[in-house]
Amino acid sequence: MFSYGQAPVSGIVTDAQDKNALVGVSIVEKGTTKGTITDANGKYSLNVSENATLVFSFTGYDAQEIPVGSRSTIDVSLGMSENILQEVVVVGYGTQKEKEVTGAVGSIKGDMLVKSPVSDLGQAIQGQVAGVNVQAASGRPGEAANVQIRGLGSLSAGALGPLYVVDGVPFQGNPNLAPEQIESIDILKDGGAASIYGTRASNGVILITTKRGERGKMKVGLNAYRGIQNITSGTPLMNATQQMYEENVKLEALGRKPLIFFFQPNALDYDSDFVHDVQNNNAPIQSYNLSVSGGQNNLTLAVNTNYFKQDGILLNSGFDRLSNRITGEFKRDKFRAFTSVGYTIENQQQEPFALYEYAIAQTPWQVPLGQVPTEGATVQLAVRNPILYGYLSRELKNVDERKINSSNIAINLEYEILKGLSVQANLGRNSWDYRRKFFRPQYLVNGSDGQLNPTASRQDAILTEDFTFTQRNVLETMLKYNQQFGKHQLNVLGVLSYENFDSKQLSTGVIGLLNNDTQTLGAGSSGTKPSSYNFSNALTGKLFRAQYNYNDRYLLSASFRRDGSSNFGPANRYGNFFGVSGGWNISDETFFQGLNLKFISNLKLRASFAEVGNQNISPYSYATQIEAGVNYPFGENEDLAFGNIQRRYANPFIQWETNLSKNLGLNLTMLNGKLDLVADIYRNDKSNMLLPERLPPSTGTYQPRASGVFDTRVTNAGNMVNKGIELGVNYRDETDFGLKWNAGVTFTRNRNEVTNLNGINRGYANGRPVVSLGTNVDYTTYLALNQPAGAFFLIQNAGVIKTQEALTAYRKIDPSAQLGDLMMVDQPTVDTDGDGVPDAADGKIDDNDRVYMGSGQPVFESGFNTNLSYKNFDLFVQLYGTYGSKIYNGAKLYAYTQGRHLDQYYMWSPQNPNSDVPTDRENAYHSNVRARSDYFLEDGSYMRIRNLTLGYSVPKKVFKSKIETLRIYFTAMNPFTFTRYTGYDPEVGGDGIFLRGVDRGNYPISRRFLGGVQFNF
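Residues numbered from 1 in each chain as written. Predicted model: local features only at pLDDT ≥ 70, side-chain atom pairs only at ≥ 80, totals over all residues. Heavy atoms only, no water.

A. Spatial organisation of the pairing of strand β30 (residues 554-565). Relative to β30, strand β29 (residues 524-550) runs antiparallel, the two being bridged by twelve bridges. By the bridge assignment for β30, Leu-543 is matched with Arg-561. Counting the residues that bridge the hairpin from β29 to β30 gives three residues, and of these Asn-551 lies at a positive phi of roughly 55°. Here β30 runs beside strand β31 (residues 574-585); their pairing, made up of eleven bridges, is antiparallel. Bridging from a neighbouring strand, Ser-557 pairs with Ser-581 of β31. (Pairing = 2+ DSSP bridges. Helix = DSSP H or I, 4+ residues; strand = E, 2+ residues; numbered from the N terminus.)

B. Geometry of the pattern of salt bridges. Throughout the structure, instances matching the rule amount to 44 salt bridges. For Glu-246, the salt bridge is made with Lys-250, and the minimal N-O distance between the two is 4.0 Å. In this pair, Glu-246 and Lys-250 both sit in helix α5 (residues 240-253), four residues apart, roughly one turn of the helix. Judged by relative accessible area, Lys-250 falls into the buried class, the value being 5%. Arg-930 is the partner of Asp-778 in a salt bridge, and the nearest nitrogen-oxygen pair spans 2.8 Å. One end of the pair, Asp-778, is in the loop between β43 (762-766) and β44 (781-784); the other, Arg-930, is in the loop between α12 (890-897) and β54 (937-939), and 152 residues separate them in sequence. Residue classification places Arg-930 among the partly exposed residues on the basis of a relative accessible area of 28%. What you see here is one network of salt bridges that share partners, running through Glu-246, Lys-250, Arg-256, Asp-920 and Glu-922. (Salt bridge = Lys/Arg side-chain N within 4 Å of Asp/Glu carboxyl O. Buried < 20%, exposed > 50% of the residue type's maximum accessible area, 1.4 Å probe, protein only.)

C. Structural context of unusual backbone geometry. The backbone of Asn-596 shows a phi angle near 60°, a positive value even though the residue is not glycine. Position of Asn-596 among the secondary structure elements: in the loop between α10 (590-593) and β32 (600-614). The class of Asn-596 is exposed, set by a relative accessible area of 51%. One non-glycine residue, Asn-672, lies in positive phi territory at about 60°. Topologically, Asn-672 is positioned in the loop between β37 (657-670) and β38 (675-687).

D. Structural view of the nonpolar core. With 64 residues, the main nonpolar core has Tyr-389, Leu-392 and Tyr-888 as its most contacted residues. Of all the secondary-structure elements, those providing two or more residues to this core are α7 (274-277), α8 (355-361), α9 (386-395), β45 (791-794), α11 (804-810), β47 (822-824) and α12. A total of six residues in this core trace back to one element, the largest contributor, which is α8. Once residues within four sequence positions are removed from consideration, Leu-392 is found in contact with Phe-274, Val-278, Leu-355, Tyr-358, Ala-359, Gln-362 and Leu-369. (Core = buried A, V, L, I, M, F, W, Y, C linked by side-chain atoms within 4.5 Å. Contact = heavy atoms within 4.5 Å.)

E. Representation of the sheet that holds strand β53 (residues 886-889) within the structure. Here three strands make up an open sheet; going across it, the order is β54-β53-β57 and the pairing mixed. Taken across any chain shown, the strands that pair with only one partner, and hence form the sheet edges, are β54 and β57 (998-999). Here three bridges tie β53 to β54, and the two strands are oriented antiparallel to one another. Of the residues in β54, the one forming a bridge with Lys-886 is Asp-939. Packed on one face of the sheet, α12 meets β53, β54 and β57 and runs near 25° to β53. (Axes fitted to C-alpha atoms, helices over the stretch in contact; angles between N-to-C directions.)

F. Focus on α12. Counted residue by residue, α12 has eight buried out of eight residues, so it is predominantly covered. Taken residue by residue, α12 has Gly-890, Ala-891, Lys-892, Leu-893, Tyr-894, Ala-895, Tyr-896 and Thr-897 as its buried positions. Looking at the buried side of α12, the elements it contacts are α8, β53, β54 and β57.

G. Expanded view of the packing of aromatic side chains. Summed over the entire model, instances satisfying the criterion amount to 31 aromatic pairs. An angle of 50° between the planes, with centres 6.3 Å apart, marks the rings of Phe-308 and Phe-319 as tilted. Of this pair, Phe-308 sits in strand β19 (residues 299-311) while Phe-319 sits in strand β20 (residues 318-332), and the two are eleven residues apart along the sequence. Judged by its relative accessible area of 2%, Phe-308 is buried. With 5.1 Å between their ring centres and 80° between their planes, Tyr-935 and Phe-936 make a pair best called edge-to-face. (Phe/Tyr/Trp six-rings, centres within 6.5 Å; stacked < 30°, edge-to-face > 60°.)

H. Structural context of the environment of Asp-15. With respect to the secondary-structure elements, Asp-15 resides in strand β1 (residues 6-15). Judged by relative accessible area, which is 5%, Asp-15 ranks as buried. Between the alpha carbons of Asp-15 and Leu-597 there is a distance of 14 Å; along the sequence they are 582 residues apart. Once residues within four sequence positions are removed from consideration, Asp-15 is found in contact with Asn-20, Leu-22, Tyr-61, Leu-78 and Asn-672.

I. Region of the structure containing the sheet that holds strand β3 (residues 35-37). Reading across from one edge, β3-β2-β5-β6 is the order of the four strands in this open sheet, with antiparallel pairing throughout. Taken across any chain shown, the strands that pair with only one partner, and hence form the sheet edges, are β3 and β6 (64-67). Adjacent strand axes in the sheet meet at a mean angle of 20°, parallel and antiparallel pairs treated alike. Note that strand β2 (residues 26-29) and strand β5 (residues 53-57) share four bridges and pair antiparallel. When the sheet's bridge partners are listed, Val-28 is paired in β5 with Val-55.

J. Local environment of the pairing of strand β13 (residues 163-166). Side chains of β13 alternate between two faces, with Leu-163 and Val-165 and Tyr-164 and Val-166 buried alike. Bridging between β13 and strand β16 (residues 205-210) involves four bridges; their strand directions are parallel. From the neighbouring strand, Tyr-164 faces β16, where its bridge partner is Ile-206. One ladder, built from two bridges, connects β13 with strand β14 (residues 169-170); its direction is antiparallel. Looking at β14, one finds that Val-166 is bridged to Val-169. Taking the residues between adjacent antiparallel strands as the criterion, β13 and β14 are bridged by two residues, where Asp-167 takes a positive phi near 50°.

K. How the structure looks around α9. Counting buried positions along α9 gives eight out of ten residues, so the element sits mostly inside the fold. Inspection of α9 places Pro-386, Tyr-389, Gly-390, Tyr-391, Leu-392, Ser-393, Arg-394 and Glu-395 among the buried residues, and these make up the whole buried set. Against the buried residues of α9 lie α7 and α8.

What follows is the structure, encoded as structure tokens:
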């Protein structure tokens, strides 16, 4: 029996292509909550009102709305959604349908970027695209993450990042756009896709499309969130009581007595935590974004303004950014014009140098930082080591402010000359203006006797200001031909491009200001010698590309690009780069359709082979340079004269670094469009790699405190290979009770190996894990044949010497060893039988005993994302993890050198003879605490719950359709990290190569909790 005004409607829903029944199709009476789904046979039945309209929807298919009228039976055929196979992908100088793409291209939509409350684009894409590795270089606010596509792109720390192209205009480095202003990102991962950018594509290409207006009703959106950040872990240190015990045990072994109370009689009154004092837990983070877009007839417009502010979790650090962007497009007849204009203001405050290390070094029985007696610029420090304490306390008074004003303009003008034939001009200008104000105030330290301690003081204030002004201009002219001949489609592209980059740098300063409040250059009593560095470089290119498509079944793309770069000498200035890729949509073949594999919607094979290049080196490296800064005595009175000399060596023979890329890929869509799988196998062979060759001191280029500045020379000196597999899986579905969900998994395994170093087996040492102890700290990372770049080569430890027998045996290697010292393994380095294989130790510990101990690069990494929505609720969960990487815990090493680590409370001593912790020898360079030991190397694998977001959308009827969307949400970012690493955080990106995995007391990554609201009108 049915209620008045209702009638039953039934029918069957099938696939429009293969006529098979569709299970789980949603059928809802429009404007009501009444609905049902189809059963195992595709059948449905529903009671509907008079004049009802039924909405048929199914994941992967186009929805249909059908008026019921007087019918009681309605059969429906649903066609597969064009959004799946016809989705447009940006591929560089154009677009293609997803079904036509032959290269390895990863795509991310803008709505996925804004789910993480971050300022940096790199952090926003972490774990979302297979083959794209993102590691935080630092947790410092405003710091850009390291983005590496398919492994290390080079062996030079400044040449690892991809090329960024925003609305068709290349950038010099990371454009640092607000994620809220991005419509989509397309990442060209293989050479076949990236070769169109030739010279700069060896590290991959990231194509960014900013948000644009749409024709129709004007849209207004507001998104705001605010939250807090805190630190979740750290280096365990001793409290005052434990530290006093450790000092007593340590000095007893040295035959000395503690002098704690001699220098500080009130030591028992304090138990200070200096690391806590320099932290800013629960630091606020906030973001506000306003967008307005719309259009009519031939004109569309979009305006977006974003303000982001993040206080640092360490004192004196923070970041804020005001980002504005306007995009507009005009179309009329055969003419199209597009423009995108962005202007950004950034302010960053940076914490003092080695702040974390100097906080660790302070003993806990000293007066806390906030209780130091102060009068004006004078403080009184009644402590045992006023120099160490005074350095920390005065550095916290510094002002280190950086301001960046940047703008970018992109203009695309296109005119169709004939049907299918058009000409286009791309014009772009990017400017980046930087100013740094670094003020170090006067800071006078009096001891307990009231006398000035000049060594612990800064007797004159110092003000330094640095300026950098850069500008990049781009001009490209293109001729495009696109025509369909029956089942044949041909796209041809020709491009002439020119880019010019200019940079001007200036640094100046003064000493001895009127007082600490007159922070201006004009108030200084004397000036420091100004310095400047101006340079320009240019890049020209000629490009040809042809794309052929037969019946959406057979796909072919071929490109050739010839580039010239002013970074190389006249004889090696030009390079030729080619790329070819093909695709086969097997599922469109007649034989495949005859296999009756109805569960496969699309199957495509891809292959590519291409060569791309790298020219990221310092300008003028090929030419001799005359530089100032070396003054000398001249004449009878030996007056100081201004000198200009050659301070570094040039290499006129340097040439392009090249990358030969090979890729084999597969795209698979199954289960009526619910399941997508993308898999790739690749190999990238890099040759003639550009390396900073370290020169010996005999060349006369070594300068104190300038290691790596003048004593290096760029050379082509290495080969390297990256090979691996990538896998991306996405599944989407809807349950019979209305839960819509999708989940995605990415998996990447990349193996990096150095295959040639011009006759060097191991060299290019780097990776000092401590920054405040100077150049006497050992290196930890190297380039070595047949190993990952930046690998750890360390000396194995064999544990603590606990017995007299062990001591006697070890003193044959180290005569100065004592009970409680670490034993090091003397590796076989001597060939006694002449077979070319070392079989005996040489009786001493030196760099020849270093062995490969792993790398900061993971064996594999994986990401997981899922979205769930039920009625008005939505939930987003993101996980990210890596396995197999190593981390050198430099913060732990430093705490050991200062005798502050909690482990040392349990160190070996006659009272604790079974301890595995080496004895503190009160010597920061003792063999127990040398960085060359593997004692401080740890497992860096981790799994992180990166994002948990729960949202609720208020029903539209509450606002009577005056507000399109009102959503309230709560987000926890990095709430849980599962790892064995004992330092602050296992995500240690460093410089991406030599410091990757080297934790030098890195600025920690924070945990964030926030709430937000989204309005759409």
